[in-house]
Amino acid sequence: MAEEKKSSAAQQKIIANYEKQRDEFKAQGYTEKSEVVSVVKANIMVFVTSFPIMILAVVLWILADRGTMMLDIKSWCLMLAVFFVTVFIHEILHGAGWCLGSKYGWKSIHIGMMWESLTPYCHCKEPLSPGKYLLGCLIPGLILGVGVYVTAFITGSAFLLWISLLNIISAGGDLLIAWYGRKYKTGYMLDHPTECGFIIFENKK
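Residues numbered from 1 in each chain as written. Predicted model: local features only at pLDDT ≥ 70, side-chain atom pairs only at ≥ 80, totals over all residues. Heavy atoms only, no water.

Caption draft 1: Broad picture of the overall build of the protein chain. Counting secondary structure elements, the protein chain contains seven helices and five strands. Taken from the N to the C terminus, the helices and strands of the protein chain come in the order α-β-α-α-α-β-β-α-α-α-β-β. For a compact globule of 205 residues, the expected C-alpha radius of gyration is about 17 Å, and the protein chain comes in at 19 Å, within 12% of that figure. In terms of principal-axis extent, the alpha carbons of the protein chain reach across some 60 × 45 × 30 Å. A total of 205 residues make up the protein chain; the buried ones form 43% of that total. Once local pairs closer than 6 in sequence are excluded, the contacts in the protein chain between residues at least 24 apart make up 72%. (Helix = DSSP H or I, 4+ residues; strand = E, 2+ residues; numbered from the N terminus. Rg over C-alpha atoms; globule rule 2.2 N^0.38 Å. Buried < 20%, exposed > 50% of the residue type's maximum accessible area, 1.4 Å probe, protein only. Contact = heavy atoms within 4.5 Å.)

In structure tokens form, the structure reads like this:
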């Protein structure tokens, strides 16, 4: 209960900061456009975004004859435990990516937990340019998905293969947001505090 109250208080501060920055952009004459989807829709869209990539990775593995994809029960359990850890690393990598483009570094990053779904999340409290925001979106998938897959492919490790495949799937929502953001070259992207996505502010003057 104490953890939930603490999380709720932190969430309220994040929302207040988000609303304050929206008001400041509007006062400066910026127009805003929402590129936000619900967590549910982001999870469903995995079948359109990252699932085909995962299938392609499996096909390449088989065609290149990189070895068995099977694991024994002990290895499966260990692999799932490692994947659980990478779920948290995924959020830290979001923060690290956004830090590269932020003015205040880790002070602008909040990593928390949605207790109702036991899901960790990362939020950037600072508006970023499109390129810097999208970099932070894609880094977890590039490192934990593509990077680990390349390592698995080189070594023929089925253990690493499954770690990479699960992380590719996990990056489905990130790929969806990156797809929405691909058309923006200027302006400022403000990470949404409760849903997947961002608000883009553009100066039309």
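Next comes the rest of the write-up.
Caption draft 2: Up close: the confidence of the model for the protein chain. Averaged over every residue, the pLDDT of the protein chain is 92; the share at 70 or more is 96%. Within the protein chain, the lowest mean pLDDT, 80, falls on helix α1 (residues 2-27), and the highest, 98, falls on helix α6 (residues 158-170). Scored below 50 in pLDDT, residues 1-5 makes two contacts in the model with residues more than four places away or belonging to other chains. (pLDDT = per-residue confidence, 0-100.)

Caption draft 3: Focus on the pattern of salt bridges. For the coordinates displayed, the defined rule picks out five salt bridges. Measuring nitrogen to oxygen at the nearest pair gives 3.7 Å for the salt bridge that ties E19 to R22. Here R22 and E19 lie together in helix α1, a separation of three residues that amounts to about one turn. Since its relative accessible area comes to 17%, R22 is described here as buried. The partner of K33 in a salt bridge is E35, and the shortest N-O contact between them spans 3.9 Å. Given the relative accessible area of 41%, K33 is considered partly exposed. Residue classification places E35 among the buried positions, given a relative accessible area of 8%. A single network of salt bridges, built from pairs that share partners, joins E19, R22, K26 and E32. (Salt bridge = Lys/Arg side-chain N within 4 Å of Asp/Glu carboxyl O.)

Caption draft 4: Structural view of the side chain of H110. On the secondary structure map, H110 appears in strand β2 (residues 109-114). In this structure the side chain of H110 is engaged in a polar contact, spanning 3.3 Å, whose partner is the side chain of Y121. Those residues in contact with H110 that lie beyond four places of it in its chain are A10, I14, Y121, C122 and H123. (Polar contact = N/O pair within 3.5 Å; in protein donor to acceptor, adjacent residues only side chain to side chain.)

Caption draft 5: Focus on the packing of aromatic side chains. All chains considered together, the criterion is met by 12 aromatic pairs. Ring geometry for F25 against Y30: centres 5.1 Å apart, planes inclined by 80°, an arrangement best described as edge-to-face. Note on accessibility: F25 and Y30 belong to one class, buried. For the pair Y149 and F153, a centre-to-centre distance of 6.0 Å together with 45° between the ring planes defines the contact as tilted. Here the residue Y149 and the residue F153 both occupy positions in helix α5 (residues 130-155), the gap between them amounting to four residues, near one helical turn. Here Y149 falls in the buried class, since its relative accessible area comes to 10%. Following the ring pairs from residue to residue traces out a cluster consisting of F25, Y30, Y188 and F201. Positioned above the aromatic ring of F153, the side-chain terminus of R66 is 5.5 Å from the ring centre. Over the face of the ring belonging to W179 we find R182, whose NZ or CZ atom lies 3.7 Å from the ring centre. (Phe/Tyr/Trp six-rings, centres within 6.5 Å; stacked < 30°, edge-to-face > 60°. Lys NZ or Arg CZ within 6 Å of the ring centre and 35° of its normal.)

Caption draft 6: Here's a closer look at the environment of S38. Here S38 shows up in the loop between β1 (30-37) and α2 (39-44). Residue classification places S38 among the partly exposed positions, given a relative accessible area of 32%. Between the alpha carbons of S38 and Y121 there is a distance of 14 Å; along the sequence they are 83 residues apart. For S38, the side chain forms a polar contact with the main-chain nitrogen of K41, separated by 3.0 Å.

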